[in-house]
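An overview of the molecular structure
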Amino acid sequence: EIDTTESAPMMMPEVMPEFPGGEDALVEYLKNSIKYPEAARKDGLTGAAYINFIIDENGEATNITCQHTTNPLFSAEAIRVVEKMPKWKPGRQGGKIVRVIMTLPVTFRLL
């Protein structure tokens, strides 16, 4: 059952949203989808971007923003990848599907 009341998104529902295949699949998705920004690679830059988003009742990532980044190139790439994510299994509270606020740290390292 979906909670159709327009309530604020939750941070810690009873059941958190789940990326298809779980956390390992999320890590694999990020590894395969992120393209290291060429300008950052050329300058030898490393860093991170912390991406906030809401997993809505349909399992889609919405309201995608960058909470913090060490470089705008990293936040732009991390946001691009989050926008293209497959649908998640939505979160639940009291047996109802709810919107959930998520924060995803994305690390950029040159190997």
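Just so we're clear, the structure is a prediction, and the values are computed from it rather than from any experiment. (Residues numbered from 1 in each chain as written. Predicted model: local features only at pLDDT ≥ 70, side-chain atom pairs only at ≥ 80, totals over all residues. Heavy atoms only, no water.)

**A word on the overall build of the protein chain**
Of the regular secondary structure elements, the protein chain holds three helices and five strands. In the protein chain, the succession of α and β elements from N to C terminus is α-α-β-β-α-β-β-β. Here the protein chain, with 111 residues, has 37% of them falling under the buried criterion. In the form shown here, the protein chain has an accessible surface area of approximately 6800 Å², with 52% of it arising from carbon and sulfur atoms. Positive and negative side-chain charges of the protein chain, numbering 12 and 15 respectively, have mean locations separated by a distance of 6 Å. (Helix = DSSP H or I, 4+ residues; strand = E, 2+ residues; numbered from the N terminus. Buried < 20%, exposed > 50% of the residue type's maximum accessible area, 1.4 Å probe, protein only. Areas by Shrake-Rupley, 256 points an atom, 1.4 Å probe, with all protein chains shown as cover. Lys, Arg positive; Asp, Glu negative; His and termini not counted. Charge placed at Lys NZ, Arg CZ, Asp CG, Glu CD.)

**What about the packing of aromatic side chains?**
Counting across every chain of the model gives six aromatic pairs. With 4.4 Å between their ring centres and 15 degrees between their planes, F74 and F108 make a pair best called stacked. Residue F74 is located in helix α3 (residues 72–83), and its partner F108 is located in strand β5 (residues 100–108); the two are separated by 34 residues in the primary sequence. Pair check on accessibility: F74 and F108 agree, each one buried. (Phe/Tyr/Trp six-rings, centres within 6.5 Å; stacked < 30°, edge-to-face > 60°.)

**Topic: a nonpolar patch on the surface**
A surface patch of nonpolar side chains, amounting to about 360 Å² of accessible area, comprises M11, M12 and M16. Structurally, M11 is set in the segment before α1 (23–33). (Patch = residues over 30% accessible without salt bridge, like charges linked within 9 Å, V, L, I, M, F, W, Y side chains within 5 Å. Salt bridge = Lys/Arg side-chain N within 4 Å of Asp/Glu carboxyl O.)

**Quick look at the nonpolar core**
Of all hydrophobic cores here, the largest spans 22 residues; its most connected members are L26, F53, M85, W88 and L104. Of all the elements in the fold, those that place two or more residues in this core are α1, β1 (47–55), α3 and β5. In terms of residue count, β5 provides more of this core than any other element does, five residues in total. With near-sequence residues (within four places) excluded, W88 lies in contact with P17, E18, F19, P20, L26, F53, I55, N58, G59 and M102. (Core = buried A, V, L, I, M, F, W, Y, C linked by side-chain atoms within 4.5 Å. Contact = heavy atoms within 4.5 Å.)

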